[in-house]
Amino acid sequence: MNYILFDFYAYKTTYYYFYYTMRFILIIFFPLISIAQNVEIGSWKNYRSYNTAEKVCATNEKVFCVNSNSLFYINKIDKRIVRLSKVNGLFDVDVAEIKHSPDLNLTIIAYENCNIDLIKNELITNISDIKRKEIIGEKEINNITIYENKAYLSCSFGLVVIDLLKEEIKDTYSLWDNDNILNITGTAIILDSIVITTDNGIYASNTSRNLSDFNSWSKIDSMNQEYGDIVAFNDVFYVDTLKDVVGISTSNDFLLVVNKNEIEFISKNNTSVYFTHELFVSLKDASFDVDGSLWVADSLNGILQFKDFTYEASFIPSGPVRNDIYTIRFLEGNLYMAHGGHNNYFVNALINDGVSVKKEYDVWDNNDYVDLGNARDIVGVAVKNGVEYYASWYNGIPCRNTSGYVDRYGYLNTNGALDTVYYSNNRIRISDLKFDNYGNLWGLSSEVNHPLFVKTAENTWYSYSMSQDVVDLFFDELLIDSQNQKWGVIARSGGLFVYNDNNTISNNNDDQYVFLNTNIGSGNLPSNTVYCIVEDNDNSIWIGTDKGVAVIYNPGAVFSGYNFDAQQILIQEGEYGQYLLSEEKITVISVDGANRKWVGTEDAGLFVLSADGSEEILHFTKENSPLFSNNIIDISIDGVTGEVYIGTSKGLMSYRSDATRGSDKQGSTSVFPNPVTADFEGLIAIKGLTTNANFKVTSISGDIVFEGFANGGQAIWNGKTKNNVRVATGIYLVLSADENGIEKIVSKIVFIK
């Protein structure tokens with residue numbers, strides 16, 4: 001039983017039932033990708049997943065698509081894909097519903113948190129009333145119905161009416177039946193008759209009545225069952241019974257009934273046409289446009305276009321396979337986004353999607369469970385000369401090279417160095433992997449007697465004990481500092497360990513290790529709950545805890561017998577002082593080319609701090625920036641371009657920083673943009689300088705226009721003189737001192753007016 005329908009003139013008594021058959025048509029699939037462009041300094045970029053098609057909404061010029069709760073549109077003329085997010089104008093993330101009014105040329109977007117955007121004439125208007133409203137119980141927008149100049153939002157807490165002309169909420173109706181609020185799943189209107197579907201049956205009323213009064217509604221079905229959407233078509237109400245139907249909708253004078261792998265088209269004269277295709281694997285939505293093209297959302301094959309029921313094209317924007325992030329690492333020119341995980345180190349998440357890899361031109365690949373030798377829950381990655389090693393929280397270490405899968409390392413092929421957990425002979429929980437400067441691969445394994453292990457450059461395996469009880473012994477991040485000491489986060493409030501193998505990997509008799517905690521003389525950490533560690537450009541160790549940040553300025557003294565305790569940074573605020581971010585849970589710290597600290601928190605967004613941490617340079621939150629979420633999972637920085645990759649609880653994005661990794665010797669220098677056009681008002685980046693170099697911009701005649709210092713290996717200039725006047729048209733020289741202190745011309749910039 002797929003749907004029911006009833007004549008609106010007799011909706012109290014009449015409804016009928018219909019059944020379907022299915023068939024298939026075979027046609028070939030061709031993918032389409034889009035090429036990324038460079039971004040200016042200070043600009044954001046969206047890297048959310050668009051892998052799973054969910055909804056499609058065709059307008060006159062565009063086809064709006066929701067994939068993995070992310071929004072994009074297809075330009076119908078040139079088939080160009082344009083991603084939409086907070087980066088370019090949307091007010092929120094995680095799209096739940098979308099509908100279009102052809103009469104008003106307006107598109108309404110509802111988010112999972114009940115925020116609402118209206119898109120009209122390339123302008124976006126936000127209506128945040130429902131999002132901000134405190135509501136007891138669930139708060140969800142289940143469906144959107146547009147009738148005349150109003151949008152009816154079917155919600156878990158009632159019915160909300162938006163005046164699309166005034167762009168404001170007009171009415172809200174909460175309907176209670178026996179002290180239970182009705183969860184409204186759909187709304188449809190024919191003339192003055194309004195019908196709603198709920199989780200407790202179908203109700204009808206007249207739009208002239210007081211719709212806030214439950215007595216104004218009549219229940220028109222005898223079953224107290226849950227229904228899906230309802231649509232009005234050809235003076236008939238059609239109801240989704242949630243039995244076989246995926247969704248029902250109307251477009252271009254047709255009623256579209258979408259099943260898992262078949263679409264039924266019902267015309268105005270009540271004739272039905274059934275359409276299926278080999279690409280219809282898991283249908284979610286469909287839309288007919290005014291040009292006669294059928295646009296279909298299939299969760300596995302993306303957005304599909306058909307013309308006269310003939311396949312035309314498929315659209316899946318390139319991106320990560322999912323938005324869930326455990327770790328991101330920028331290594332050897334690629335960005336690795338690990339999707340695995342666990343529940344507080346105990347229960348595996350059992351995620352088979354492996355790792356998404358961003359390569360040149362923003363083309364993404366996915367190495368999944370099969371590609372990684374049946375390894376799941378990937379939580380880390382290390383790369384050396386194109387060979388990739390993945391940390392699986394279940395199946396050891398799978399390895400890939402440029403030709404594909406190589407091997408999966410476990411107990412048998414590592415001479416027992418990778419031991420199984422004490423209660424299972426087939427589970428190996430690797431938390432992190434890092435290479436040292438000698439090409440040796442180090443890692444951490446949980447719930448074993450020898451948790452620290454190494455694979456030497458000669459492919460010999462060793463493991464090391466620190467005499468710990470294996471029960472509930474979990475590890476997180478691993479750091480190898482500039483002195484080749486190994487630092488590890490002991491998860492679940494275990495503090496840190498530091499291990500020194502004295503550069504004799506095969507001989508553990510001269511090894512030393514120490515555990516760091518909150519005690520004075522033993523680390524003096526602000527808390528034993530440590531989430532991250534990083535070494536900065538001055539070789540200090542920065543530690544993120546649930547009580548802020550601490551720094552060990554002399555890590556080489558850990559085994560010396562002298563004081564090495566961590567120190568917290570005192571920040572002066574008015575007449576009072578407090579320790580840096582002491583009220584925040586620090587999830588990640590990353591260091592850029594200028595030695596500035598990018599500090600991610602669990603619920604306060606992203607901080608950019610000066611090299612010593614005493615100055616707050618920037619503070620990004622979801623409220624004051626395009627940041628998707630205030631919960632920062634991980635950060636990784638491309639030291640060459642200055643692009644800062646930010647993994648949030650709502651997906652991946654990046655920010656183009658003004659700092660890059662410097663060098664000891666002056667090499668080739670590049671300028672972006674160059675030439676500088678008259679309409680450009682951003683920052684000009686001069687990249688490839690020696691670390692923190694002094695630079696000058698002069699005219700051809702040698703007059704100094706601007707002077708400053710690089711952030712790491714990159715200098716920025718706003719194109720103006722010291723008097724804040726934009727320079728005239730012409731050619732300008734960039735001078736910088738090389739490693740010997742000799743000033744020379746390193747680049748030229750052309751200004752065009």
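Residues numbered from 1 in each chain as written. Predicted model: local features only at pLDDT ≥ 70, side-chain atom pairs only at ≥ 80, totals over all residues. Heavy atoms only, no water.

1. Some remarks on the overall build of the protein
Consideration 1: Helix and strand content of the protein: one helix and 68 strands.
Consideration 2: A compact globule built from 753 residues should have a C-alpha radius of gyration of about 27 Å, and the protein, at 30 Å, falls within 12% of that.
Consideration 3: Overall, the C-alpha framework of the protein stretches about 90 × 75 × 60 Å when taken along its three principal axes.
Consideration 4: The buried share of the protein, taken over its 753 residues, is 56%.
Consideration 5: The long-range share in the protein, meaning contacts at least 24 apart out of those at least 6 apart in sequence, stands at 47%. (Helix = DSSP H or I, 4+ residues; strand = E, 2+ residues; numbered from the N terminus. Rg over C-alpha atoms; globule rule 2.2 N^0.38 Å. Buried < 20%, exposed > 50% of the residue type's maximum accessible area, 1.4 Å probe, protein only. Contact = heavy atoms within 4.5 Å.)

2. Re the sheet that holds strand β8 (residues 95–101)
Sheet strands line up and pair through hydrogen bonds in the backbone, either parallel or antiparallel.
Consideration 1: Strand order in the open sheet made by the four strands is β8-β9-β10-β11, with antiparallel pairing throughout. Each of the sheet's edge strands pairs with one partner strand only, and the pair in question is β8 and β11 (123–127). Neighbouring strand axes in the sheet, compared pairwise and without regard to direction, differ in orientation by 20 degrees on average.
Consideration 2: Examined bridge by bridge, strand β10 (residues 116–120) and β11 share five bridges and lie antiparallel to one another. Each residue of the ladder has a partner; that of I119, found in β11, is I124. (Pairing = 2+ DSSP bridges. Axes fitted to C-alpha atoms, helices over the stretch in contact; angles between N-to-C directions.)

3. Side note on the side chain of N595
Consideration 1: Tracing the backbone through its elements, the reader meets N595 in the loop between β55 (586–591) and β56 (597–601).
Consideration 2: A polar contact is formed between the side chain of N595 and the backbone nitrogen of N537, at a distance of 2.8 Å.
Consideration 3: At 3.1 Å, the side chain of N595 forms a polar contact with the side chain of D538. (Polar contact = N/O pair within 3.5 Å; in protein donor to acceptor, adjacent residues only side chain to side chain.)

4. Focus: the pattern of salt bridges
Consideration 1: Taken as a whole and assessed by the stated rule, the structure comprises 23 salt bridges.
Consideration 2: Connected via shared salt-bridge partners are K45, K358 and D362. (Salt bridge = Lys/Arg side-chain N within 4 Å of Asp/Glu carboxyl O.)

5. A word on the packing of aromatic side chains
Consideration 1: What the rule picks out here adds up to 39 aromatic pairs.
Consideration 2: Taking the centre distance of 5.8 Å and the plane angle of 45 degrees together, the rings of Y47 and Y645 count as tilted. Residue Y47 is located in the loop between β3 (44–46) and β4 (53–58), and its partner Y645 is located in strand β60 (residues 643–648); the two are separated by 598 residues in the primary sequence. Taken individually, Y47 and Y645 each receive the classification buried, so the pair is uniform in this respect.
Consideration 3: An angle of 90 degrees between the planes, with centres 6.4 Å apart, marks the rings of F254 and F265 as edge-to-face. (Phe/Tyr/Trp six-rings, centres within 6.5 Å; stacked < 30°, edge-to-face > 60°.)

6. A word on the pairing of strand β15 (residues 168–173)
Consideration 1: Bridge count between strand β14 (residues 158–163) and β15: five bridges; the pairing is antiparallel. Of the residues in β15, the one forming a bridge with I162 is I169.

7. Focus on the sheet that holds strand β20 (residues 201–206)
Consideration 1: Read from one edge to the other, the open sheet built from four strands follows the order β18-β19-β20-β21, with strand pairing classed as antiparallel. Unpaired on one side and paired on the other, β18 (184–190) and β21 (218–219) mark the two borders of the sheet.
Consideration 2: Examined bridge by bridge, strand β19 (residues 193–198) and β20 share six bridges and lie antiparallel to one another. Bridge pairing in β20 links I194 to S205.

8. With respect to empty space enclosed by the protein
Consideration 1: For the structure shown, the criterion picks out one cavity of 30 Å³ or more.
Consideration 2: Lining the largest cavity, in full, are R48, N69, S70, L71, L84, S85, L90, D92, V93, D94 and V95.
Consideration 3: Class assignment for the residues of the lining of the largest cavity results in five nonpolar, three polar and three charged. (1 Å grid on protein atoms, 1.4 Å probe; cavity = no way out; pocket = protein on both sides within 12 Å on 5 of 7 lines; lining within 4 Å. Points joined across faces, edges and corners; volume = space filled by probe spheres on them. Nonpolar A, V, L, I, M, F, W, Y, C, P; charged D, E, K, R; others polar.)

9. Examining the pairing of strand β51 (residues 541–545)
Consideration 1: In terms of residue burial, β51 counts as a mostly covered element, since five of its five residues are buried.
Consideration 2: Both faces of β51 are covered, namely the face carrying I541, I543 and T545 and the face carrying W542 and G544.
Consideration 3: Relative to β51, strand β50 (residues 530–535) is paired through five bridges, and the arrangement is antiparallel. Bridge pairing in β51 links I533 to I543.
Consideration 4: Once β50 ends, the chain turns through five residues before running back antiparallel as β51, passing N539 with a positive phi of about 70 degrees.
Consideration 5: Pairing between β51 and strand β52 (residues 548–552): five bridges, direction antiparallel. Residue pairing across strands places G544 opposite V549, the latter belonging to β52.

10. Some remarks on the confidence of the model for the protein
Consideration 1: Scored by pLDDT, the protein has a mean of 92; 95% of the residues are at 70 or more.
Consideration 2: This stretch, residues 7–37, has a pLDDT under 50; its non-local contacts, to residues over four places away or in other chains, come to 88 contacts. (pLDDT = per-residue confidence, 0-100.)

11. Focus on unusual backbone geometry
Consideration 1: In this model, F672 is joined to P673 through a cis peptide bond whose omega is -10 degrees.
Consideration 2: Backbone geometry at D377 places phi at a positive 50 degrees, although glycine is not the residue there.
Consideration 3: With respect to the secondary-structure elements, D377 resides in the loop between β37 (364–367) and β38 (378–384).
Consideration 4: The class for D377 is buried, based on a relative accessible area of 0%.
Consideration 5: Its identity as a non-glycine residue notwithstanding, N415 has a phi of 60 degrees, on the positive side.
Consideration 6: With respect to the helices and strands, the residue N415 is situated in the loop between β41 (404–409) and β42 (430–435).

12. Here we look at the side chain of T660
Consideration 1: As for its position among the elements, T660 is in the loop between β61 (651–656) and β62 (670–672).
Consideration 2: If sequence neighbours within four positions are ignored, T660 has contacts with G593, A594, G639, V640, T641, G642, K687, N711, G712, G713 and Q714.

13. A look at the state of the cysteines
Defined simply, a disulfide is a covalent bond joining two cysteines at their sulfur atoms.
Consideration 1: On inspection of all chains with the given rule, the structure shows zero disulfides.
Consideration 2: Left without a disulfide partner, C65 is nearest to the cysteine sulfur of C57, which lies 9.1 Å away.
Consideration 3: Assessed through its relative accessible area of 0%, C65 is described here as buried. (Disulfide = S-S within 2.5 Å.)

14. Digging into the environment of Y238
Consideration 1: Its place among the elements puts Y238 in strand β23 (residues 236–240).
Consideration 2: Put simply, Y238 and A188 are 50 residues apart on the chain and 9.0 Å apart in space, counted from C-alpha to C-alpha.

15. A few points about the environment of N437
Consideration 1: Looking at the element boundaries, N437 is found in the loop between β42 and β43 (441–445).
Consideration 2: Under the relative-accessibility criterion, N437 is labelled exposed at 71%.
Consideration 3: Expressed as a C-alpha distance, the spacing of N437 and N121, which sit 316 residues apart in the sequence, is 56 Å.

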